[in-house]
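# Working through the structure, step by step
One letter stands for each residue in the lines below.
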Amino acid sequence: MPLTMNPRARAGAVIGALSVALVTGLAATPASANSSGWWTSPNKRAEGFYNSLTGRVYANDIRKDGYSAITQVRTAKHGYFVVDVKDKVANNGGSWKTPTLYSGVRFKMRVCAYKTKPTQCGSWHEFDK
């Protein structure tokens with residue numbers, strides 16, 4: 001039986017295609033007022049994101065180079081600690097935390113490479129919940 005005639009193979013292909021389309025669409029989606037947009041550290045060692053739909057702050061270690069990734073979120077006005085998310089394994093899986101972010105508060109985030117402390121950090125980017 002050809003692959004296209006097998007219902008399971010066809011369903012798997014459809015799900016696979018939809019998954020790729022969804023991931024591609026999310027990666028190409030510009031930052032809205034309710035998300036931070038994807039940001040990277042210098043030399044593209046790490047990337048991070050705040051997703052308003054899930055409330056998650058993500059960190060993703062991109063390169064297998066001995067560095068980890070850290071995404072730091074602070075309040076924009078006073079720089080108060082909100083959350084640090086570390087991803088220690090460059091397996092494209094990423095790590096996340098779901099902090100409590102309050103409406104009406106402006107936040108800032110940056111993404112850094114990390115060994116014993118944040119280094120090679122990108123600039124701070126502001127966003128709203």
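Summarised in this report is the structure supplied together with it. Numbering of residues begins from 1 in every chain and follows the order in which that chain's sequence is written. For a predicted model such as this one, the threshold for reporting local features is a pLDDT of at least 70, and the threshold for listing and counting side-chain atom pairs is 80 or more; totals across whole chains, interfaces and linings nevertheless cover every residue. Side-chain calculation: all heavy atoms of the structure are included, whereas hydrogens and water are not.

## So, the packing of aromatic side chains
Note on aromatic pairs: each is described by the distance of the centres and the angle between the planes. For Phe, Tyr and Trp, where Trp contributes only its six-membered ring, two rings pair if their centres lie within 6.5 Å, and the inter-plane angle classes them as stacked under 30 degrees, edge-to-face over 60, or tilted in between. Within the structure shown, the criterion is met by five aromatic pairs. Summarising the aromatic geometry, the rings of F49 and Y58 are spaced 6.4 Å apart at their centres and angled 35° between planes, so their arrangement reads as tilted. Take Y58: its relative accessible area is 18%, and that puts it in the buried class. Chaining the aromatic ring pairs together yields one cluster made of W38, F49, Y58 and W96. Counted as over-ring charges are cases with an Arg CZ or a Lys NZ within 6 Å of the ring centre that also lie within 35 degrees of the ring normal. Between the NZ or CZ atom of K108 and the centre of the ring of W124, over which it lies, the distance is 4.9 Å. Burial here depends on accessible area, computed with a 1.4 Å probe over protein chains only, as a share of the maximum for the residue type. Under 20% is buried, over 50% is exposed, and the range in between is partly exposed.

## Some points on the pairing of strand 7 (residues 106–114)
To qualify as a helix, a DSSP run of H or I must reach at least 4 residues; to qualify as a strand, a run of E must reach at least 2; elements of each kind are numbered from the N terminus. Among the nine residues of strand 7, seven are classified as buried, and the element is accordingly described as predominantly covered. Any two strands between which DSSP finds at least two bridges are classified as paired. One ladder, built from eight bridges, connects strand 4 (residues 68–75) with strand 7; its direction is antiparallel. Bridge pairing in strand 7 links T75 to F107. In terms of strand pairing, strand 7 meets strand 9 (residues 125–128) through four bridges, oriented antiparallel. Within strand 9, the position partnered with R106 by the bridge is D128. As judged from the two bridges shared by strand 7 and strand 8 (residues 118–119), these two strands associate in the antiparallel manner. Looking across to strand 8, one finds that Y114 is bridged to P118.

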